Amino acid sequence: MTSAKTRYLGYGVLLVLGLLAPYVIYPVFLMNALCFALFACAFNLLLGYTGLLSFGHAAFFGTAAYITGYTAKVMGLSTGLAILAGTAAALLLGIIFGGLSIRRQGIYFAMITLALAQLVFFVYLQASFTGGEDGLQAIPRGKLLWVINLENDRTLYYVVFAIFLFGFLLIHRTIHSPFGQVMKAIRENEPRAISLGYDVNKYKMLAFVLSAALAGLAGATNAIVFTFVTLTNVDWHTSGDVVLMTLLGGMGSIFGPVVGAFSIVTLESKLSDKVGSLVTVIIGAIFVICVLLFRRGIVGEIQGLYRRVVGSRP
Amino acid sequence: MTEIFGVPIAALFGQLVLGLVNGCFYAMLSLGLAIIFGMLNIINFAHGAFYMLGAVFTWFFLTTWNISWWWSLLLAPLAVGIFGIVVERVFLKRLYKVDPLYGLLLTFGLALVIEGLFRYKYGASGLPYGIPEVFQGALNLGFMFLPKYRAIVVGVTLVVCFGTWLVIERTQLGAYLRAGTENPPLVQAFGINVPAMITLTYAIGVGLAGLAGVLAAPTLQVSPLMGSNLIIVVFAVVVIGGMGSILGSILTGLGLGLIEGLTKVFYSQASNTVVFMIMALVLLVRPAGLFGREK
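Residues numbered from 1 in each chain as written. Chains lettered and ligands numbered in written order. Predicted model: local features only at pLDDT ≥ 70, side-chain atom pairs only at ≥ 80, totals over all residues.

Structural notes on the overall build of chain A
For clarity, the cut-off: The numbering of helices and of strands both runs from the N terminus, where a helix is a DSSP run of H or I of at least 4 residues and a strand a run of E of at least 2. We compute the radius of gyration from the C-alpha atoms alone; for a globule the expected value is 2.2 Å times N to the 0.38, where N is the number of residues. Around each residue's C-beta, the other C-beta atoms within 10 Å are counted; 20 or more make the residue buried, 12 or fewer make it exposed, and counts in between make it partly exposed. All C-beta atoms are placed from the backbone. By the convention adopted here, residues are in contact when the distance between their C-beta atoms, placed from the backbone, does not exceed 7 Å.
Broken down by element type, chain A carries 13 helices and two strands. For 314 residues, the compact-globule estimate of 2.2 N^0.38 gives 20 Å, and chain A sits close to it at 19 Å. The dimensions of chain A, computed from C-alpha atoms along their principal axes, are 60 × 45 × 40 Å. Counting only residues that meet the buried cut, chain A has 49% of its 314 residues in that class. Contacts in chain A between residues at least 24 apart in sequence constitute 77% of all its contacts with a sequence separation of at least 6.

In structure tokens, the structure reads:
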């Protein structure tokens, strides 16, 4: 079998697994994992393919969640429109963040995004529409396109799965487009990309805004799934979590962030009632181990192993 | 009572002094970050955790061994520095050949581990630490009362910061350090032990954070989470000042503390965010930072 055939077979198996999963596993858990998987994929577009480490992506996730919750609950927007409104808000915020942060490179970029996200956190802490410390509660799940009742967990799951697939395929398409090639060129050697005549800042900005909007889509969907939004969604811990998901799964690989997100979400849900506040310690330890021992992440290491095994054959 | 813009003078100066005290912590932490960044090319995300360690050690020394605050001023930064040496030797030295972003990620993980462990042990709430008896009370300056302890914090910070500046700019060791920042292989070729210098730099940098923690212990609450919120503000301070200049990071830290204090008087809702807003403004006007040297 050719490798392309194997790959399509693999995609097919994953798709079937995704469709059958809610009959085996608790749908809300799956939806949460899918939201974070999309979030991590969006983040990976920036870190893995453009080489920009944003430490403030929770701002987009959380902003979209708040706007979706607010428009659905207070303004009575239908669910689909509310999700779109949330995503659009994240996109706008992405333009502001991007415009400021791509003025600096490398480590400064990380610090700037982190500081801007903290600014957003404090604004939401004090603003009235977010409900402050209480958060936004009892967001209606409502109906999609007037007919599909989203109160049913399994129905909602398929909507979330479709949203995830949309985001995932969009990212996949972007990476394999000429635009994606330029992004990778910037990651590998920015001065060279400039000398080849590319307007590097324009490409970075576009990647940043796309990443912010998709992170927003994930946050907006998450708000509908849980029917509440709290400050945790904009907290810097959440920004750290998405960095870890991408690092653990494998940055710069298309499936890495998905694997990382499912691993971390599973870990957090299994451990939080057993070890309580020690979860942070475990998360931190995984960070350290990833950086020291396997920087390519789970998927990257498996790919490396596969290539060594297959490549050694005559 | 005399007033300026409708604010009593005593209250205004009170907030300014408080702001200056905060500015001292910013200055000392950003100074440490800048020194470490210069030599190791790593942004030490664990800096807030080391600051917290300084404060918790101070508290621990007093409650367990009845060691006074004065001795802690010496011993806690030393202990934090030694811990820093271990961290540098065990973890960071493996990362000098890879992208500096990994250093940020590793120290972020370390910060989570350290803070998580202390939170597990002591809980999220504060541990009480009283102001040393000698420094209780306030000085009457005529227009305001200056709490003695705050004066001490500012005094110690100024002495330590300018001492550090003197050592770096005016001594042989400082010359090696500056040379090592510019061109490590060349300095090594002259027979200077660069790896040892890197370790020492990291120890001094986190030692400064520990010292800030000792100073913070009696004024702010000693708590396992005290460092994580502070470090993000300090990052903004570092972006505003730029890490190219030692004096620059000290002045930026103190100045931003004062501005924050003023904001508390005139528009308290923005006091949490003013530093970040200034950062955004500086990025628009002068992207390299106020004292930055790079392009």
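There is more to say, and it comes next.
With respect to the overall build of chain B
Looking only at helices and strands, one finds eleven helices and four strands in chain B. At 19 Å, chain B has a C-alpha radius of gyration in line with the 19 Å of a compact globule built from 295 residues. Principal-axis analysis of the C-alpha atoms gives chain B an extent of 65 × 50 × 35 Å. Counting across all 295 residues of chain B, residues that qualify as buried make up 51%. For chain B, long-range pairs separated by at least 24 residues make up 77% of all intrachain contacts whose partners lie at least 6 apart in sequence.

Brief notes about the confidence of the model for chain B
Just so we agree on the cut-off: As a per-residue quantity, pLDDT reports the predictor's confidence and falls between 0 and 100.
In the predicted model, chain B carries a mean pLDDT of 85, and 98% of its residues have values of at least 70. For this predicted complex, the interface score ipTM comes out at 0.86, alongside a pTM of 0.88.

Side note on the interface of chain B and chain A
Taken together, the contact between chain B and chain A spans 33 residues of the former and 34 residues of the latter. Where the side of chain B that touches chain A is concerned, the elements lending two or more residues are α4 (100-122), α9 (226-241) and α11 (274-285) of chain B.

Some details on unusual backbone geometry
Non-glycine residue Ala-138 of chain A carries a positive phi angle of around 50°. Residue placement: Ala-138 of chain A occurs in the loop between α5 (106-126) and β1 (143-144). Under the C-beta neighbour-count criterion, Ala-138 of chain A is labelled exposed, with 8 such atoms within 10 Å. A positive phi angle, close to 55°, is found at Asn-66 of chain B, a residue other than glycine. With respect to the secondary-structure elements, Asn-66 of chain B resides in the loop between α2 (47-65) and α3 (69-90). Under the C-beta neighbour-count criterion, Asn-66 of chain B is labelled exposed, with 7 such atoms within 10 Å.

Details of helix α9 (residues 200-226) of chain A
Given 3.6 residues per helical turn, the α-helix brings residues three or four places apart onto the same face. Residue and element names in this part refer to chain A. Stated formally: Here, expected helix span is obtained from the residue count minus one, scaled by 1.5 Å.
Its 27 residues place the ends of α9 39 Å apart at the C-alpha level, agreeing with the 39 Å of an ideal helix rising 1.5 Å per residue. Most of α9 sits inside the fold, with 20 of its 27 residues counted as buried. Backbone geometry just downstream of α9 places Thr-227 in the positive-phi region, at approximately 60°.

Observations concerning the environment of Thr-199 of chain B
All names here are of chain B. With respect to the secondary-structure elements, Thr-199 resides in helix α8 (residues 194-219). Residue classification places Thr-199 among the buried residues on the basis of 21 C-beta atoms within 10 Å. Leaving out residues up to four positions away in the same chain, Thr-199 has contacts with Ile-85, Glu-88 and Arg-89.

Comments concerning the packing of helix α4 (residues 79-101) of chain A against α5 of chain A
Residue and element names in this part refer to chain A. Worth spelling out the cut-off: All axes here are fitted lines through C-alpha atoms, helices being fitted over the stretch that makes contact, and every angle between N-to-C directions spans 0 to 180 degrees. Note: crossing handedness is left-handed where the near helix turns anticlockwise from the far helix by less than a right angle, and right-handed where it turns clockwise. Three classes are used: nonpolar for Ala, Val, Leu, Ile, Met, Phe, Trp, Tyr, Cys and Pro, charged for Asp, Glu, Lys and Arg, and polar for all others, with Gly counted as polar.
Between α4 and α5, the shortest axis-to-axis distance is 10 Å and the interhelical angle comes to 140°. As for how α4 packs across α5, the hand of that crossing is right-handed. Along its contact with α4, which presents Phe-97, Leu-100 and Ser-101, the element α5 presents Phe-109, Ile-112, Thr-113 and Leu-116. Class assignment for the residues of the contact of α4 with α5 results in five nonpolar, two polar and no charged.

Thoughts on the environment of Val-234 of chain A
Residue and element names in this part refer to chain A. Its place among the elements puts Val-234 in the loop between α9 and α10 (236-249). Look at Val-234 and you get buried, because 29 C-beta atoms sit within 10 Å. With 224 residues separating them along the chain, Val-234 and Gly-10 place their C-alpha atoms 35 Å apart.

Here we look at the environment of Lys-264 of chain B
All names here are of chain B. As for its placement among the helices and strands, Lys-264 is situated in helix α10 (residues 246-266). On the neighbour-count criterion, Lys-264 (21 C-beta atoms within 10 Å) is buried. Sequence-wise, Lys-264 and Leu-18 are 246 residues apart; in three dimensions their C-alpha atoms are separated by 10.0 Å.

Concerning the packing of helix α12 (residues 279-293) of chain A against α4 of chain B
As a reminder, the rule being used: Note on terminology: angles under 35 degrees are roughly parallel, angles over 145 are roughly antiparallel, angles of 65 to 115 are roughly perpendicular, and the others are oblique.
Interaxial distance between α12 of chain A and α4 of chain B falls to 7 Å at its minimum, and their mutual angle equals 155°. On the basis of the axis angle, α12 of chain A is roughly antiparallel to α4 of chain B. When the axes of α12 of chain A and α4 of chain B are compared, the crossing they make is left-handed. In this structure, α12 of chain A uses Thr-280, Val-281, Ile-283, Gly-284, Ala-285, Phe-287, Val-288 and Val-291 of chain A to contact α4 of chain B, whose residues at the interface are Tyr-102, Leu-105, Leu-106, Phe-108, Gly-109, Leu-110, Leu-112, Val-113, Glu-115, Gly-116, Leu-117 and Tyr-120 of chain B. Here the residues of the contact of α12 of chain A with α4 of chain B sort into 15 nonpolar, four polar and one charged.

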